[in-house]
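Structural overview for review
Okay, here's what each chain looks like letter by letter:
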Amino acid sequence: MPAGSRNRIRAVVAIVFYILIPTMILSGCASEQVCSTKPTFFPPPPDEPRIQWLTGITSAEDVGARESQSKFSLILSGRERPDIIKKIGKANGITPHNNKLYVAETSHGRITIIDPVTGTFEYLKGLATPKGVLQAPTSITFDKEGNLYVADTGRKEIVVYDKEGNYRDAFGKDFDKASKIVAVAFFGDSLYALDLGTSRIRVLDPKTGAETRSFGYNEKPNQSLRAPVDFTIDAAGAVYVTNRGNNKVIKYDIDGNFLGSFGGIGERAGNFVRPKGITVDDAGRIYVVDAGFNIVQLFDDQFRLLTLFGWPGLETGSLNLPSGIAVTKENISYFQQFAVPGFKLELLIYVVNQYGQEFCIPRISVYGLGQMEGKKE
């Protein structure tokens, strides 16, 4: 990265910490606003744009979905009721799967399924059965057959639904008493479960829920997990974990061998205040959510900072207490319509915001990674 770009990134981080965060807090008291749809690019000029804020999703209305009143209800009430607009509550995890978005709404105890292309906005079917009721879901993953696994910190279980969304099973209550599974992910035929309570990753047989091994907790402090909050596994089997105990990202191989770490507490770019969600794209770029700075920092596979985005105080594209993050190539052609002419999307980035809707920050911020046509890497 050129020295000029690094200096500009440091300047942005300083502005976020000292000026813009207090401004955003005060703006929450402002009167009702008309939300802008102006495109915002990261990094800002004079650097070449690589990420554009595209749009946001807070309710069914944002994808064109509405649930109309039934004729039976109209007959009983004798009057017409306004259309019901489903809204996303406080959420943590977000997972793209088969062109749909699965959102773990922790506050409402439900999984919301959004299809932005067809405009559908619905809830997981299995929630309607007593055994399938969720309390505080935080993370979602899928196996090869399309079965859905949900980490629920309220139930203290991993809850399993089949590919149709029907409740199938639940396990995890026989783990350590201090156990608190906050995130789940698949690699191969094994289910990996991140345990915040005991600072380790448990490797499970998804058919039985039995633990086969664990890793991440060892005698070397610089290689051990410390209050881990989220993790991701890349296509090669490398495991990346965000830790709030030391404000670092720790990397292991799929067998649990330590491969490195980066970050640490601090106000400089490349450090973290409150690391949360993390994901890795097919090119090995690492996306780390920082809920303290209200930004996402983007690193290469050598842990070098590439850029950051989402800082407070922008007309569009700001984040507010961001949590989950996901990247995907699904539905790029649909979201290309939100990009400015000439900006070609390569990847979509979804970031969950837990707060900020009163000042036009959506529950899900949608960004596009790409570049202006005719430009080279």
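Scroll up to find the structure.
Notes on the structure in this doc start here. Every value quoted in this text rests on a predicted model; they were computed, and no experiment measured them.

1. What to know about a positive patch on the surface
- A cluster of basic residues, Lys-90, Lys-156, Lys-177, Lys-180, Arg-244 and Arg-274, forms a positive patch at the surface.
- Tracing the sequence through the fold places Lys-90 in the loop between helix H2 (71-77) and strand S3 (94-97).
- We classify Lys-90 as partly exposed; its relative accessible area is 30%.

2. With respect to the pairing of strand S19 (residues 275-280)
- Burial of S19 is extensive: six of the six residues sit out of reach of the surface.
- Note that S19 and strand S20 (residues 286-290) share four bridges and pair antiparallel. By the bridge assignment for S20, Ile-278 is matched with Val-288.
- Here S19 hands over to S20 after five residues, with Gly-284 in that stretch at a positive phi of 85 degrees.

3. Description of the side chain of Thr-106
- By secondary structure assignment, the location of Thr-106 is in the loop between strand S4 (100-105) and strand S5 (110-115).
- Classification of Thr-106 by relative accessible area gives buried; the value is 17%.
- A polar contact is formed between the side chain of Thr-106 and the backbone oxygen of Pro-137, at a distance of 2.7 Å.
- In contact with Thr-106, other than residues within four places in its own chain, are Lys-90, Ala-91, Asn-92, Gln-135, Ala-136, Pro-137 and Thr-138.

4. Focus on the layout of surface pockets
- For the second largest pocket, the calculated volume is near 940 Å³.
- Contributing to the lining of the second largest pocket are 40 residues, with Cys-35, Ser-36, Cys-360, Ile-361 and Pro-362 lying nearest its centre.
- At the level of elements, helix H1 (3-27), strand S2 (51-57) and helix H3 (332-335) are the ones that each hand at least two residues to the lining of the second largest pocket.
- Looking at the lining of the second largest pocket element by element, the count peaks at six residues for S2.

Conventions used here
Residues numbered from 1 in each chain as written. Predicted model: local features only at pLDDT ≥ 70, side-chain atom pairs only at ≥ 80, totals over all residues. Heavy atoms only, no water. Patch = residues over 30% accessible without salt bridge, like charges linked within 9 Å, V, L, I, M, F, W, Y side chains within 5 Å. Areas by Shrake-Rupley, 256 points an atom, 1.4 Å probe, with all protein chains shown as cover. Salt bridge = Lys/Arg side-chain N within 4 Å of Asp/Glu carboxyl O. Lys, Arg positive; Asp, Glu negative; His and termini not counted. Charge placed at Lys NZ, Arg CZ, Asp CG, Glu CD. Helix = DSSP H or I, 4+ residues; strand = E, 2+ residues; numbered from the N terminus. Buried < 20%, exposed > 50% of the residue type's maximum accessible area, 1.4 Å probe, protein only. Pairing = 2+ DSSP bridges. Polar contact = N/O pair within 3.5 Å; in protein donor to acceptor, adjacent residues only side chain to side chain. Contact = heavy atoms within 4.5 Å. 1 Å grid on protein atoms, 1.4 Å probe; cavity = no way out; pocket = protein on both sides within 12 Å on 5 of 7 lines; lining within 4 Å. Points joined across faces, edges and corners; volume = space filled by probe spheres on them.

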